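# What the coordinates show
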Amino acid sequence: MTTTFPERRVSEDASAVECLCAHCALPVPAGLVVDGVEHQFCCDGCATVYEILHSNGLTAYYELRDEAEGRPAATTAHAYREYDDPAFAERFVVAEPSGDASIELYLEGVHCVACLWLIERLPELASGVREARLDIARSVVHLRWGPDEVPLSVVARWLDRLGYPPHPYRATSLQEARKREDRRWLMRMAVAGATAGNIMLMSFALYSGAFFGMAARYEQFFRYGSMLLALPAVFWAGAPFLRGAVNALRTRTAQMDLPIALGILVGFASGVVNTLRGAGDIYFDSVATLIFLLLVGRRLQQRQQRIAADAAELKHALTPLHARRVEEGRNDVVDIPVMAIVTGDLLEVHPGESFPADGIVEEGESQVDAAVLTGESRSVDVGRGDEVHAGTVNLSGLVRMRAEKAGLETRVGQLMEAVEEAARRRAPVMSLADRISGWFVAIVVALALLVFVGWSTVSLSEGVDRAIALLIVSCPCALGLATPLAIAAALGRAARAGILIKGGDVLERLNRPCTFYFDKTGTLTEGGFRVWAWYHRPGTEAATLAARVAGIERHATHPLARALVAHAPEGPEAISPDRIEHVMGKGLIARLDDGQWRVGAPAWVLAGAREDSWCRRKLDEVVEAGATPVLVSCADRVLAVIGLSDELRPDALSSLVALRAWGHEVEVLSGDHAGAVRRTAERLGVARARGGATPEDKLAIIEASERPAVMVGDGVNDAGALSSAAVGVAVHGGAEASLAAADVFITRDGVEPVVELVRGARRTMRVIRRNLVFSLVYNVVGVTLAATGVIGPLGAAALMPLSSLTVVASSYQARTFRKPRR
Amino acid sequence: MEVLFIVVPLALVIVGAAVGSFVWATRRGQFDDLETPALRILTDDVGRR
């Protein structure tokens, strides 16, 4: 549902006193200024909100609001009646034991403290609402209300009228599980942190005892105390690492958890032995600190990944959820949620809305933009008896359709199932740190054995001590932090640069030579049309002809018409609308003084005009090139042959060149007509292009790719390919379904962010390598010193935080992703 | 220094209580949203003067 605002224009005459909107403080367009009234408004939305706030004593909103921020209230005229449907309640509303109901709604337009204040005042405005609590970072409000006192549609209308159109948002079971996992991780961190700190205190006592002497019973007391505290740290807080190591052993894959678990267990076991023995060093403090730091590192990475995943899911909530069902017999139209659509329903679809179900058109004629489903850039004409699909957009006329398939049975629904299937099949990729860890464990264990054998010649206990010291010193704290920290920092920077990345492994994958598969429509091209070729018959004048064509086409709503209007250099000629006749699906007829003009589809124009060799040659040329042909005729003479094509994004060419310079291959993979795809590919210098690909074809091509495949696309038809590719990138403006399927989604316009993604990934990989080198160098030095007996456990404990700090600094100062300069 | 035998366990009990209350707060979802409460405090007494 979109709202149209009156156009807001800043007064051209600078000396004129600007009239500012009393609600949003933006200039009021001259046409809307009402004389003799104190408060002026830029739009109806602002006037509504102002009225509500004043009549309910909520004017404090204006005090709280950031003055500099001006944006008109985004109210819509929607009635939200579908919110009262039982099918809606079943899907989104939670019944609470107290008899109240609760729901989570995603709100548009939330931006500041004033919004927070106003939304949480909802119980004062709408009686029956018990509580409204806003999560401002996600723009999600948690509502609790008495369903017997107020219907949800009324509450939704209140939110809308305040300028925050709501969208139902149901935390999926996946998200619930994620939330529980997050909380558990926090608790682990708390336990590890608290025990580490307290063991450290006891270690201080023990260390000073080692220097100044301490009675044996106190020493034992502190040893046992430390051991007691270390138990929950190792076996509960450290459980993820131990479990990871067990999995790694079971599947015989190298993993970072393996050396970590080895360090933890060896440290803990030797600590226990020494405690029971009543002599020697205990390592409980190092072990607990290690667990704490590693938990923090992984938490940071997870948090950044969740932010991106959350953003994608919230975007998904914006998918329109209501449909208009025609109550036959009563001739009434009611709003229902799409979940309530059943086969046989007669549905009304307004221009600009997307079809809610698959079905057959019963009444009305229109054009349909099916790009989201097929990748086709040309719109399709539909009329009575034609098939339409859920998710495609009704462009120009009011249409009534008979629903045949709804929900998961629709074409879109089935594509989304294929997406989940493809995601399940995807093979995991081993990260650099994991690969290193295998070698690391082998080398460390070999060294420890060597040291043990070497020192055993001196004495057996000396051998054991040295070997254990080596295992502890080499405990890969910095190594375990190297990757998570670098990735967490990079994902944060990427998000600020408008690139949201859902998984850190994406960054590593992009460093291998990949094949990039670009979708055409909406990705490499803008999706709109442009005049690509204009041939006029010799003897006619181009400029006047263009003005005439533009003047005729100005009366049409077809997307092709907009391109023809824009093409006239001196603007369209003024032609009165009563001289124009629309022929649905064919073109326009204009009855002008110099004869009858026709602009439209070749077959239709040629039915009333002579086709000569010039016309045929030019027409073949246009069709051959993959452009959409339009003919112009006057009386029986064809005056012009026009080829229209969708416009290439300005940064497409330079972006592809940059990707190829890094050794990546680039291909075009589109559902549009082969000719159009080939021509786009030629203009971009791409040798391999595939057109006419169905969503299933795309999936198959991605899965058969020799190199790791990176799919860049925007439509539902790309979703399967996006989720099965090694990396799926959904570009700005894409369908919500593609956001859910992709690993990365871009909130900036153009192709250039894809280049920035690869560049940032390369820089991040460099940081990861640098971190790994740092920590390995530390380990080599530490191991050498421990093996030769230069440093004891105390020296090792001092070196450990130093190495970790280096890694932290190296991760957070790196300028991996950059914002575009403007 | 026998007092240590009482004081150290006492300290551990306090640590246990602190960790316990943190766990309680986490379970109740108090750390789920870390941004809004910081802003909500700014609006607490607006419109109620």
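The model shown is predicted, which means the values in this text are computed figures rather than measured ones. For every chain, the first residue of the written sequence is number 1, and numbering continues from 1 onward in sequence order. Lettering for chains starts from A, numbering for ligands starts from 1, and both go in the order in which the items are written. Per-residue local features are limited, in this predicted model, to residues with pLDDT of at least 70; the limit for side-chain atom pairs, both in listing and counting, is 80 or more; totals at the level of whole chains, interfaces and linings are taken over all residues. Only hydrogens and water are set aside when side-chain values are computed; all heavy atoms of the structure are taken into account.

The next thing to look at is the overall build of chain B. Secondary structure summary: chain B contains two helices and zero strands in total. In terms of overall dimensions, chain B has C-alpha extents of about 60 × 25 × 15 Å along its principal axes. Expressed as a percentage of the 49 residues in chain B, the buried residues total 27%. Only four residue types enter the tally: Lys and Arg on the positive side, Asp and Glu on the negative side, with His and both chain ends excluded. We put the charge of a Lys on NZ, of an Arg on CZ, of an Asp on CG and of a Glu on CD. Looking at chain B, you have 5 positive and 6 negative side-chain charges, and the mean spots of the two groups are 10 Å apart. Here a strand is any run of E in DSSP of at least two residues, a helix any run of H or I of at least four, and the numbering for each starts at the N terminus. Here's how the labels work: a residue is buried when its accessible area is under 20% of the maximum for its type, exposed when over 50%, partly exposed in between, all with a 1.4 Å probe on protein chains only.

Residue and element names in this part refer to chain A. Criterion used throughout: strands pair if DSSP finds at least two bridges between them. Strand order in the open sheet made by the three strands is E11-E10-E13, with antiparallel pairing throughout. A single partner strand is all that each edge strand has here, and the edge strands are strand E11 (380-382) and strand E13 (393-394). In the sheet, strand E10 (residues 366-369) pairs with E13 via two bridges, with the strands oriented antiparallel. For aspartate 369, the partnering residue across the bridge sits in E13 and is valine 393.

The next point concerns the interface of chain A and chain B. Residue contacts follow a heavy-atom distance rule, with two residues in contact if any of their heavy atoms lie within 4.5 Å. The partner chain B presents 28 residues to the 28 residues of chain A that form the contact. Reported buried area values correspond to the accessible surface (1.4 Å probe) lost by two parts on association, with both partners' losses combined. Across the interface of chain A and chain B, roughly 2500 Å² is buried in total on both sides, 69% from carbon and sulfur atoms. A pair is scored as a salt bridge if a Lys or Arg side-chain nitrogen falls within 4 Å of a carboxyl oxygen belonging to Asp or Glu. At the surface where chain A touches chain B, the tally comes to three salt bridges. Glutamate 2 of chain B is the salt-bridge partner of arginine 217 of chain A, the closest N and O atoms lying 2.6 Å from each other. Side-chain atoms alone can form a polar contact between residues adjacent in sequence; in general such a contact is a pair of N or O atoms within 3.5 Å, and within protein one must be able to donate a hydrogen while the other accepts it. Where chain A touches chain B, the interface holds eight residue pairs in polar contact (both at pLDDT 80 or more). Breaking the side of chain A that touches chain B down by element, the ones donating at least two residues are helix H2 (60-64), helix H4 (113-120), strand E3 (129-135), helix H7 (173-212) and helix H8 (216-237) of chain A. At nine residues, the largest contribution of residues to the side of chain A that touches chain B is made by H7 of chain A. Note on residue classes: Ala, Val, Leu, Ile, Met, Phe, Trp, Tyr, Cys and Pro are nonpolar, Asp, Glu, Lys and Arg are charged, and everything else, Gly too, is polar. Looking at side-chain class alone, the side of chain A that touches chain B contains 18 nonpolar, one polar and nine charged residues.

Turning to the nonpolar core, a few remarks are in order. Residue and element names in this part refer to chain A. Side-chain atoms within 4.5 Å are what join buried Ala, Val, Leu, Ile, Met, Phe, Trp, Tyr and Cys residues into a set we call a nonpolar core. If you look at the biggest cluster of nonpolar residues, it comprises 105 residues, and the most contacted ones within it are Ile291, Ile501, Phe516 and Phe518. Setting aside residues up to four positions removed in sequence, phenylalanine 518 forms contacts with Thr523, Leu524, Leu656, Leu659, Val666, Glu667, Val668, Leu669, Val712, Val751 and Val754. The next biggest cluster of nonpolar side chains, apart from the first, holds 53 residues, and it includes Cys21, Val49, Phe88 and Leu152.

This paragraph deals with a negative patch on the surface. Residues enter patches when they are more than 30% accessible in relative terms and free of salt bridges; like-charged ones are connected within 9 Å and nonpolar ones (Val, Leu, Ile, Met, Phe, Trp, Tyr) within 5 Å. Under the convention used here, a 1.4 Å probe and the Shrake-Rupley method define accessible areas, while residue burial counts only the protein chains that appear. Together, Glu365, Asp381, Asp386, Glu387 and Glu404 of chain A give the surface a local cluster of negative charge. Among the secondary structure elements, glutamate 365 of chain A is positioned in the loop between strand E9 (358-363) and E10.

Note that an α-helix has 3.6 residues per turn; residues three or four places apart therefore point the same way. Across its 21 residues, helix H10 (residues 257-277) of chain A extends 30 Å between first and last C-alpha, which sits within 8% of the 30 Å expected from 1.5 Å per residue. Looking one or two residues beyond H10 of chain A, the residue adopting positive phi is glycine 278 of chain A, at roughly 80 degrees. An expected span of 1.5 Å times one less than the residue number is assigned to each helix.

Residues and elements named next belong to chain A. Taken together, the side chains of Leu228, Leu231, Phe235 and Leu265 present a nonpolar region at the surface, about 370 Å² in accessible area. No other element matches the three residues that H8 contributes to the nonpolar patch. By the element assignment, leucine 265 lies in helix H10.

What follows covers unusual backbone geometry. Residues and elements named next belong to chain A. In the Ramachandran plot, tyrosine 80 falls in the positive-phi region, its phi being about 60 degrees despite a non-glycine side chain. Among the secondary structure elements, tyrosine 80 is positioned in the loop between H2 and helix H3 (86-92). For tyrosine 80, a relative accessible area of 4% gives the class buried.

This next bit is on the pattern of salt bridges. Residues and elements named next belong to chain A. Inspection of every chain in the model, using the stated rule, returns 37 salt bridges over all chains. The shortest N-O distance in the salt bridge between aspartate 519 and lysine 698 comes to 3.2 Å. Remark: lysine 698 occurs in helix H25 (residues 695-704) and aspartate 519 occurs in the loop between strand E16 (515-518) and helix H18 (520-524); sequence separation between them is 179 residues. Both residues of the pair, aspartate 519 and lysine 698, count as buried. The shortest N-O distance in the salt bridge between arginine 579 and aspartate 593 comes to 3.3 Å. Of this pair, arginine 579 sits in the loop between helix H20 (559-567) and strand E18 (580-583) while aspartate 593 sits in the loop between strand E19 (587-592) and strand E20 (595-600), and the two are 14 residues apart along the sequence.

So, on to the sheet that holds strand E23 (residues 665-669) of chain A. In a beta sheet, neighbouring strands pair by backbone hydrogen bonds and run either parallel or antiparallel. All names here are of chain A. Pairing within the open sheet is mixed, and its seven strands lie in the order E15-E27-E26-E25-E16-E23-E24. Edge positions in the open sheet fall to strand E15 (499-501) and strand E24 (688-690), since each of these has one partner strand only. Across this sheet, the average inter-strand angle for adjacent strands is 20 degrees, counted without regard to direction. The pairing of E15 with strand E27 (residues 744-746) spans three bridges and is classified as antiparallel. Bridging across to E27, leucine 500 finds its partner in phenylalanine 745. Under this scheme, a helix contributes an axis fitted over its contacting stretch, all axes are lines through C-alpha atoms, and angles between N-to-C directions fall in the 0 to 180 degree range. Each of E15, E16, strand E25 (709-713), strand E26 (727-730) and E27 touches helix H28 (residues 752-788); the most contacted strand, E15, lies at about 50 degrees to it.

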